[in-house]
Amino acid sequence: MVIAAIGQLCSTASMSNNLALCKILVQSAVDAGAKALFLPEATDYIASNPTESIALARSMDRSPFILGLQKAAKEYSLAINVGIHVPAPGDKICNRSCWINENGEVESYYDKLHLFDYGSLKESNSVLAGKEITKPVVTKLGRVGLMICFDLRFPEISLSLKRQDADIMTYPSAFTVPTGKAHWETLLRARAIETQAYVIAAAQIGPHNLKRTSYGHSMVVDPWGKVLLDMTGEGTAPEIGLVDIDLAYREKITTEMPLLRRTDIYPTV
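All of these numbers come straight from a predicted model, not from anything done at the bench.

Colleague: I'd love a proper account of the overall build of the protein chain, names of residues and values included.
Modeller: What the protein chain contains, in helices and strands, is six helices and 16 strands. Expected size for 269 residues packed as a compact globule is a radius of gyration near 18 Å; at 17 Å, the protein chain falls within 12% of this value. With the C-alpha coordinates of the protein chain rotated into their principal frame, the extents come out at 50 × 40 × 35 Å. In the protein chain, which comprises 269 residues, the share counted as buried stands at 53%. Roughly 11900 Å² of accessible area belongs to the protein chain as shown, and the carbon and sulfur atoms make up 53% of that amount. Placing the 27 positive and 29 negative side-chain charges of the protein chain at their respective mean positions leaves the two points 3 Å apart.

Right, here's the structure in full:
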């Protein structure tokens with residue numbers, strides 16, 4: 001078994017402050033013996049409006065936030081999965097999940113396919129949707145599939161990653177409070193059960209600004225659908241939760257209950 005650390009925090013529009021919070025989480029993860037730290041969607045910043053969000057975005061090779069995490073990852077030999085923003089064509093940005101390996105290298109990344117347009121939040125006003133599913137990343141924890149937040153409502157991506165032998169599905173998130181209360185745990189457990197994989201969902205928590213508050217409840221679900229971690233959180237203080245990733249247990253689940261799809265009747269996802 002390998003220990004994974006899940007970080008929960010409240011990002012603001014200050015990238016320097018958010019990086020400082022992440023460094024606290026990195027140290028906690030290292031002290032706990034974790035091999036990887038999973039951080040939420042938009043950990044680099046959450047802005048007050050689309051104009052500010054676009055103005056704050058930096059390419060990965062020029063972002064003080066990403067460069068700082070790469071340095072920490074290398075220093076502590078700790079892999080980090082983190083949600084960030086990067087500039088995109090057409091005066092927009094991409095909502096990105098990137099995997100920084102234990103050598104401090106950005107080994108893989110995924111741009112969010114499904115954008116959140118609900119109520120007053122219109123992600124498509126400033127974000128360019130991704131164009132492809134990223135193949136699972138081979139890590140010390142297993143094969144990790146990258147997704148983001150609203151992608152959770154679309155099982156096609158996780159089923160595609162299952163077909164590519166992903167052991168862990170990740171959903172770094174910043175769920176709203178109403179949708180979190182209604183659907184968060186149900187959706188995460190459903191994705192774990194149907195893919196027979198671990199689901200790791202690091203989440204933002206608390207008020208980021210006067211307009212936006214996140215639900216929290218960073219969660220880990222095992223391949224049988226059991227909730228291993230639910231970080232209810234108190235206030236906005238950064239914190240980590242720890243879980244053991246047991247690939248032998250996942251293999252037992254998939255062996256005892258093989259999910260054989262009838263692709264002779266319906267298309268392969």
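Colleague: Lay out the environment of Ala32 with the relevant residues and their values.
Modeller: By secondary structure assignment, the location of Ala32 is in the loop between α1 (15-31) and β2 (36-38). It is 16 Å that separates the C-alpha atoms of Ala32 and Ala72, two residues lying 40 residues apart in sequence. When neighbours within four sequence positions are excluded, Ala32 is seen to be in contact with Ile3 and Leu242.

Colleague: Tell me what's going on with the packing of helix α4 (residues 155-163) against helix α5 (residues 177-195), and back it up with residues and numbers.
Modeller: Between α4 and α5, the least distance of the axes is 10 Å, while the angle of their chain directions is 30 degrees. In terms of orientation, α4 lies roughly parallel with respect to α5. Crossing angle aside, the handedness with which α4 passes α5 is right-handed. The segment α4 lies against α5, with Pro155, Ser158, Leu159 and Lys162 engaging Arg191, Glu194 and Thr195. Partitioning the contact of α4 with α5 into residue classes produces two nonpolar, two polar and three charged.

Colleague: Any details on unusual backbone geometry? Residues and values, ideally.
Modeller: Non-glycine residue Gln196 carries a positive phi angle of around 55 degrees. Residue position: Gln196 is located in the loop between α5 and β11 (198-201). Even without glycine at this site, His217 takes up a positive phi of about 60 degrees. Within the secondary structure, His217 sits in the loop between β13 (213-215) and β14 (218-221). His217 sits in the buried class, given a relative accessible area of 17%.

Colleague: Quick rundown of the sheet that holds β2? Include the residues and the values.
Modeller: Here we have six strands laid out as an open sheet, ordered β5-β4-β3-β2-β1-β16, and mixed in their pairing. Both edges of this open sheet fall to β5 (106-111) and β16 (239-245), since each of them pairs with a single strand only. Across the sheet, the axes of successive neighbouring strands diverge by a mean angle of 30 degrees, strand direction being ignored. Summarising the sheet, strand β1 (residues 2-8) and β16 pair through seven bridges and their orientation is antiparallel. Residue pairing across strands places Ile6 opposite Gly241, the latter belonging to β16. The strands touched by α1 within the sheet are β1, β2, β3 (79-88) and β16, with β16 carrying the most contacts at an inclination of about 35 degrees. Lying over the sheet, helix α3 (residues 64-76) contacts β3, β4 (92-100) and β5, oriented at roughly 160 degrees with respect to β3.

Colleague: How would you explain the sheet that holds strand β9 (residues 142-146) if you had to name every residue and give the values?
Modeller: What the six strands build is an open sheet, ordered β8-β9-β10-β11-β14-β15; its pairing is mixed. The open sheet is flanked by β8 (137-139) and β15 (227-231), the only strands paired with a single partner. Sheet twist, expressed as the mean angle between neighbouring strand axes with direction ignored, is 20 degrees. Here β8 pairs with β9 via three bridges, running antiparallel. In the strand pairing of β9, Thr139 is matched with Gly142. This element, α5, spans β10 (168-170), β11, β14 and β15 of the sheet and lies at about 25 degrees to β14.

Conventions we followed
- Residues numbered from 1 in each chain as written.
- Predicted model: local features only at pLDDT ≥ 70, side-chain atom pairs only at ≥ 80, totals over all residues.
- Heavy atoms only, no water.
- Helix = DSSP H or I, 4+ residues; strand = E, 2+ residues; numbered from the N terminus.
- Rg over C-alpha atoms; globule rule 2.2 N^0.38 Å.
- Buried < 20%, exposed > 50% of the residue type's maximum accessible area, 1.4 Å probe, protein only.
- Areas by Shrake-Rupley, 256 points an atom, 1.4 Å probe, with all protein chains shown as cover.
- Lys, Arg positive; Asp, Glu negative; His and termini not counted.
- Charge placed at Lys NZ, Arg CZ, Asp CG, Glu CD.
- Contact = heavy atoms within 4.5 Å.
- Axes fitted to C-alpha atoms, helices over the stretch in contact; angles between N-to-C directions.
- Parallel < 35°, antiparallel > 145°, perpendicular 65-115°, else oblique.
- Left-handed = near helix turned anticlockwise from the far one by under 90°.
- Nonpolar A, V, L, I, M, F, W, Y, C, P; charged D, E, K, R; others polar.
- Pairing = 2+ DSSP bridges.

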